[in-house]
Amino acid sequence: MADEQDPSGVDWCARAIKLRKVEEALLSGEMVTEARFGEDMARYANAKLDDVKRALDEAIRNCQLSRGETPKRKRFAIRGVMRPY
């Protein structure tokens, strides 16, 4: 499966790098959402930090899969506990 190309043609590693830059810009406050200069106005898309982090985690996971690496698990099964009655 590691040798197969992604059918959507997305370079997940490049996407992860771009999303990391967006995350850093959001955290540092550099992202401008709206700027007015007289009558001229520039508006940029708003992005929530949670949405960016979720997309970044997905891109990193898919990047690792495309390289043949095993991504780190985030969810674990709850272990059953035997209760003596």
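Look up: the structure comes first, before these words.
The paragraphs below set out a description of the structure included in this document. Keep in mind it's a predicted model, so treat the numbers as computed, not measured.

### As for the overall build of the protein
Secondary structure summary: the protein contains two helices and two strands in total. The contacts in the protein between residues at least 6 apart in sequence include a share of 54% that link residues at least 24 apart. By element, 51% of the accessible surface of the protein is carried by carbon and sulfur atoms, the whole surface being about 8,100 Å².

### A word on the state of the cysteines
One pass over the structure, following the stated rule, counts one disulfide. A sulfur-sulfur separation of 1.9 Å characterises the disulfide bridge that pairs Cys13 with Cys63. Its S-S torsion of about 90° marks the bond between Cys13 and Cys63 as right-handed, since a negative value means left-handed. Within this pair, whereas Cys13 is found in helix 1 (residues 12-28), its partner Cys63 is found in helix 2 (residues 49-66), the two being separated by 50 residues in sequence.

### Section: the side chain of Glu23
With respect to the secondary-structure elements, Glu23 resides in helix 1. A relative accessible area of 9% places Glu23 in the buried class. In this structure the side chain of Glu23 is engaged in a polar contact, spanning 3.2 Å, whose partner is the side chain of Arg20. Setting aside chain neighbours within four positions, we find Glu23 in contact with Leu49, Val52, Lys53 and Leu56.

### Describing helix 1
Here helix 1 contains 17 residues, and its C-alpha end-to-end distance of 24 Å stays within 8% of the 24 Å for a straight helix at 1.5 Å per residue. Regarding helix 1, the residues found buried are Trp12, Ala16, Leu19, Glu23 and Ala25. At the exit of helix 1 stands Gly29, carrying a positive phi of roughly 85°.

### Topic: the nonpolar core
In terms of nonpolar packing, the biggest core is built from six residues, these being Trp12, Ala16, Leu19, Leu56, Ala59 and Cys63. Counting only elements with at least two residues in this core, the list comes to helix 1 and helix 2. Apart from the residues within four sequence positions on either side, Cys63 is in contact with Trp12 and Cys13.

Conventions adopted
Residues numbered from 1 in each chain as written. Predicted model: local features only at pLDDT ≥ 70, side-chain atom pairs only at ≥ 80, totals over all residues. Heavy atoms only, no water. Helix = DSSP H or I, 4+ residues; strand = E, 2+ residues; numbered from the N terminus. Contact = heavy atoms within 4.5 Å. Areas by Shrake-Rupley, 256 points an atom, 1.4 Å probe, with all protein chains shown as cover. Disulfide = S-S within 2.5 Å. Buried < 20%, exposed > 50% of the residue type's maximum accessible area, 1.4 Å probe, protein only. Polar contact = N/O pair within 3.5 Å; in protein donor to acceptor, adjacent residues only side chain to side chain. Expected span 1.5 Å × (residues − 1). Core = buried A, V, L, I, M, F, W, Y, C linked by side-chain atoms within 4.5 Å.

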